[in-house]
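Per-entry structural report
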2 protein chains.
Amino acid sequence: MKKGFDELIAKVNECGTKKVAVSVAQDEAVLEAVAEAKKRGIADAILVGDEAKIREIAASIEMDLTGYEIIDEPDMIQASLKAVKLAHEGKADMYMKGLIDTKNFLKSVLDKEVGLRTGGPLSHVCVFDIPGIEQLLFLTDVAFMTYPTLEDKVHIINNTLPVARACGVECPKIAPLAAVEVVNPKMPVTVEAEQLTQMNEAGDITGCIIDGPLSLDLAIDPEAAKHKGATGRKIQGDADILLFPDIHAGNLVYKAIVHMVPGVKNGCILTGTKVPVILTSRSDTFETKVNSMALAAVVAEELKKND
Amino acid sequence: MKKGFDELIAKVNECGTKKVAVSVAQDEAVLEAVAEAKKRGIADAILVGDEAKIREIAASIEMDLTGYEIIDEPDMIQASLKAVKLAHEGKADMYMKGLIDTKNFLKSVLDKEVGLRTGGPLSHVCVFDIPGIEQLLFLTDVAFMTYPTLEDKVHIINNTLPVARACGVECPKIAPLAAVEVVNPKMPVTVEAEQLTQMNEAGDITGCIIDGPLSLDLAIDPEAAKHKGATGRKIQGDADILLFPDIHAGNLVYKAIVHMVPGVKNGCILTGTKVPVILTSRSDTFETKVNSMALAAVVAEELKKND
């Protein structure tokens, strides 16, 4: 039974509202999402930024700031460092980007003293609830890591596993994707896909089932898998995690889904960090921003379990 | 006003039914599509292959073979060479794959004596009619050319232009796609996208408008283009031809659309050949096979114009 975003929000409500530190919070779209997340019991926010501007925007969108902690810091870089420190010290369960540009936001995430490094590289995961597809789909990496090496792909997988578990998928099936489902030395990505599969079989990557290379139809469409006679494979249209060859393939598929599939829901976070990081973009809808906060909240709970 | 596949079929009916040479025609799914194409006035077929088997399959699917030319040639390689020669000599307007495997089928297409070479490399184009998107989308290359160089991309564009014109798009807008819409030297595909744009501006690639690199949202979603402030660009959500970085990105997007978007229609052909080549796959639906024949028929008419 697929757990959609409504179920994720119900799960947050069960384990208790989380706390999110917002970096440079004077941003209308971000404050709207933050207010909605509070209303739905997903997260309370600590707003770090220019307090006067935060109050001005809140008034203009009729957002009641009662019960919000506000830390006044008009300097953007300083605000981001103060906000990320709250997450670093465990005073916030997740960290969210506000008006600050992505480059400086990421600098705060990676700050050696107050940031959220865990040792390995960061990666991005986008969770999709797509009408007609049985399982939630976890797409990675569609936004952050550009040309992952084999080693990077192992990190991406390990970054994504707790996200899948947080969404109720205990032992996710992972499809390293390519244009074809057979190994072809002229297509390096298919060779790497096979290597990941072998590492999984050898017990070097655990907590998941890897089967690649796979074409997208065999990964997500059980009918296509049957039709193509893929009955011997570990994945037959029931992949949970879709591992992309590179950022172009990932990002183009991600945007095709968002802009072409009616009724789709999604939420995205950065992983590989001490706490989940919410890095929504201008072009994300209000609903996607709220879904991303719900996703971050259940992942925060999952990461605490393993602490 | 978007011309969908129904309009393409109407256009074939206007300019007269075409003739298709079918290579190794003893294939049930192919014969079903061929019969439907005849019924709709798209094309009459010359069936080259094992006549006994063709008659047996036709009987089993209640296909009336009256009015079909059948050339009996039980040997598959010989059948493919006889079939392609019909197209080579102008006795057929298009060439279609039957039971023969892709490798040997392509050998017949590329045969130096009786094949369909024109000098440049071949490429594949898939035409999509997607609910909610104003224009037809021409995706290339999602199935044939693996890692196109800059020079290959120029060929792909020139192969695709007559296909767009055949579908009523006189001066198509071409989006060389990437994960981002800005040039980044660390992402070679964005550099090549800019070079294609400059070649178009310099008059080295004509009959189209090229604007890249582009992310998919800016290429196909006018709202997203407006929201992201792309008002100065030549393409603002109204791209016709989507040029992919490589086969993985192209094929994954192609399959995402086919397997996730309800109500989508598509047809695909090989181009860069003397006449259009129909290379449908087992997993294509009946409707897609018929659409591919309709597409090939209008492209055949367009190529004749330029002869």
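Provided above is the structure to which this section pertains.
Residues numbered from 1 in each chain as written. Chains lettered and ligands numbered in written order. Predicted model: local features only at pLDDT ≥ 70, side-chain atom pairs only at ≥ 80, totals over all residues. Heavy atoms only, no water.

Notes on helix 11 (residues 286-305) of chain A
A rise of 1.5 Å per residue sets the reference length of helix 11 of chain A, with its 20 residues, at 28 Å; its end C-alpha atoms lie 30 Å apart and thus fit the reference within 8%. The buried count for helix 11 of chain A comes to 14 of 20 residues, which makes it a mostly enclosed element. (Helix = DSSP H or I, 4+ residues; strand = E, 2+ residues; numbered from the N terminus. Expected span 1.5 Å × (residues − 1). Buried < 20%, exposed > 50% of the residue type's maximum accessible area, 1.4 Å probe, protein only.)

Overview of the nonpolar core
By size, the foremost hydrophobic cluster in this structure holds 60 residues, and its most contacted members are A:Leu242 and B:Leu242. Residues contacting B:Leu242, with those up to four places away along its chain left out, are B:Leu137, B:Phe138, B:Leu139, B:Thr140, B:Ala175, B:Leu177, B:Leu216, B:Ala219 and B:Ile220. (Core = buried A, V, L, I, M, F, W, Y, C linked by side-chain atoms within 4.5 Å. Contact = heavy atoms within 4.5 Å.)

So, the pattern of salt bridges
All names here are of chain A. All chains considered together, the criterion is met by 42 salt bridges over all chains. The salt bridge partner of Asp50 is Lys53, with a shortest N-O separation of 3.9 Å. Asp50 gets classed as buried once you look at its relative accessible area, which sits at 14%. For Glu89, the salt bridge goes to Lys91, with nearest N and O atoms at 3.0 Å. The class of Glu89 is partly exposed, set by a relative accessible area of 39%. Salt bridges linked by common partners bring Glu36, Lys39, Arg40 and Glu287 together as one network. (Salt bridge = Lys/Arg side-chain N within 4 Å of Asp/Glu carboxyl O.)

A short note on the layout of surface pockets
Estimated volume of the largest pocket: approximately 1,600 Å³. Lining the largest pocket are 47 residues, with B:Thr102, B:Ala143, B:Leu279, B:Ser281 and B:Ser283 sitting closest to its centre. Every element with two or more residues in the lining of the largest pocket is listed here: helix 2 (28-39), helix 5 (102-110), helix 10 (247-260), strand 10 (265-271) and helix 11 (286-305) of chain B. The biggest single contributor to the lining of the largest pocket is helix 10 of chain B, with six residues. In terms of lining residues, the second largest pocket is bounded by 41 residues, among which A:Asn251, A:Lys255, A:Ser281, A:Ser283 and B:Lys228 are the most central. For the lining of the second largest pocket, the elements supplying multiple residues, two or more each, are helix 5 (102-110), helix 10 (247-260), strand 10 (265-271) and helix 11 of chain A together with helix 9 (222-227) of chain B. Among the elements that line the lining of the second largest pocket, the one with the most residues is helix 10 of chain A, at six residues. A breakdown of the residues in the lining of the second largest pocket according to their chemical character gives 15 nonpolar, 15 polar and eleven charged. (1 Å grid on protein atoms, 1.4 Å probe; cavity = no way out; pocket = protein on both sides within 12 Å on 5 of 7 lines; lining within 4 Å. Points joined across faces, edges and corners; volume = space filled by probe spheres on them. Nonpolar A, V, L, I, M, F, W, Y, C, P; charged D, E, K, R; others polar.)

Here we look at the state of the cysteines
For the coordinates displayed, the defined rule picks out two disulfides over all chains. Between the sulfur atoms of A:Cys126 and its disulfide mate A:Cys268 the distance is 2.3 Å. Taken together, the residues span a long stretch of sequence, with A:Cys126 in strand 5 (residues 123-129) and A:Cys268 in strand 10 at a distance of 142 residues. Residue class for A:Cys126 comes out buried when judged on its relative accessible area of 0%. On the basis of relative accessible area, A:Cys268 is assigned to the buried category, the value being 8%. Of all cysteine sulfurs, the one in A:Cys126 lies closest to A:Cys167, which takes part in no disulfide; the gap is 11 Å. A:Cys167 gets classed as buried once you look at its relative accessible area, which sits at 3%. Between B:Cys15, a cysteine without a disulfide, and B:Cys167, which holds the nearest cysteine sulfur, the sulfur-to-sulfur distance is 12 Å. (Disulfide = S-S within 2.5 Å.)

Some points on the relation of the copies chain A and chain B
Two copies of one chain are present, and they are related through a rotation about an axis combined with an axial shift. Rotating chain A by 180 degrees and translating it 0.0 Å along the rotation axis places it on chain B, where the RMSD comes to 0.0 Å. Taken together, the turn and the small shift mark the pair as related by a two-fold rotation axis. Rotation axis and chain A: the residue whose C-alpha lies nearest the axis is A:Ala249, separated from it by 1.9 Å. (Least-squares fit on C-alpha atoms with pLDDT ≥ 70 in both.)

Let's talk about the interface of chain A and chain B
Contact residues are listed per partner, giving 38 residues for chain A and 38 residues for chain B. Taken over both partners, the interface formed by chain A and chain B buries close to 3,100 Å², and the fraction arising from carbon and sulfur atoms is 73%. Across the contact surface, chain A and chain B share two salt bridges. A salt bridge links B:Asp217 to A:Lys255; the shortest N-O distance between them is 3.8 Å. Along the contact surface separating chain A from chain B lie four residue pairs in polar contact (both at pLDDT 80 or more). Broken down by element, the side of chain A that touches chain B gets its largest block of residues, eleven residues, from helix 10 of chain A. Along the lines of polarity and charge, the residues of the side of chain A that touches chain B split into 24 nonpolar, seven polar and seven charged. (Buried area = accessible area lost by both parts, 1.4 Å probe. Polar contact = N/O pair within 3.5 Å; in protein donor to acceptor, adjacent residues only side chain to side chain.)

A few points about unusual backbone geometry
Each neighbour pair has its own omega, and for A:Thr140 with A:Asp141 the value is -5 degrees, a cis peptide bond. On the secondary structure map, A:Asp141 appears in the loop between strand 6 (137-140) and helix 6 (150-166). Its identity as a non-glycine residue notwithstanding, B:Glu62 has a phi of 55 degrees, on the positive side. Along the chain, B:Glu62 turns up in the loop between helix 3 (51-60) and strand 3 (69-72). With a relative accessible area of 76%, B:Glu62 lands in the exposed category.

Focus on the side chain of A:Lys228
Take A:Lys228: it is sitting in the loop between helix 9 (222-227) and strand 9 (241-243). A distance of 2.9 Å separates polar atoms of two side chains, one belonging to A:Lys228 and the other to A:Asp217.

Looking at the environment of A:Val253
For A:Val253, the position within the fold is in helix 10. The spatial distance from the C-alpha of A:Val253 to the C-alpha of A:Val142 is 8.2 Å, given a sequence separation of 111 residues. When neighbours within four sequence positions are excluded, A:Val253 is seen to be in contact with A:Leu139, A:Phe244, B:Leu252, B:Val253 and B:Ala256.

A closer look at the packing of helix 2 (residues 28-39) of chain A against helix 11 of chain A
Residues and elements named next belong to chain A. Two elements in contact, helix 2 and helix 11, have axes separated by 9 Å at closest approach and are oriented at 55 degrees. Of the possible angle classes, the one that applies to helix 2 and helix 11 is oblique. Once helix 2 is placed against helix 11, the crossing between them reads as right-handed. Judged by residue contacts, Ala29, Glu32, Ala33, Val34, Glu36 and Ala37 of helix 2 engage Phe286, Lys289, Val290 and Met293 from helix 11. (Axes fitted to C-alpha atoms, helices over the stretch in contact; angles between N-to-C directions. Parallel < 35°, antiparallel > 145°, perpendicular 65-115°, else oblique. Left-handed = near helix turned anticlockwise from the far one by under 90°.)

Regarding the packing of helix 1 (residues 5-15) of chain A against helix 11 of chain A
All names here are of chain A. Put simply, helix 1 and helix 11 touch, their axes get as near as 9 Å, and they point 50 degrees apart. Taken together, the axes of helix 1 and helix 11 are oblique relative to one another. Judged by the sense of rotation from one axis to the other, the crossing of helix 1 with helix 11 is left-handed. On helix 11, the residues that touch Phe5, Leu8, Ile9, Lys11, Val12 and Cys15 of helix 1 are Asn291, Ala294, Leu295, Ala297, Val298 and Glu301.

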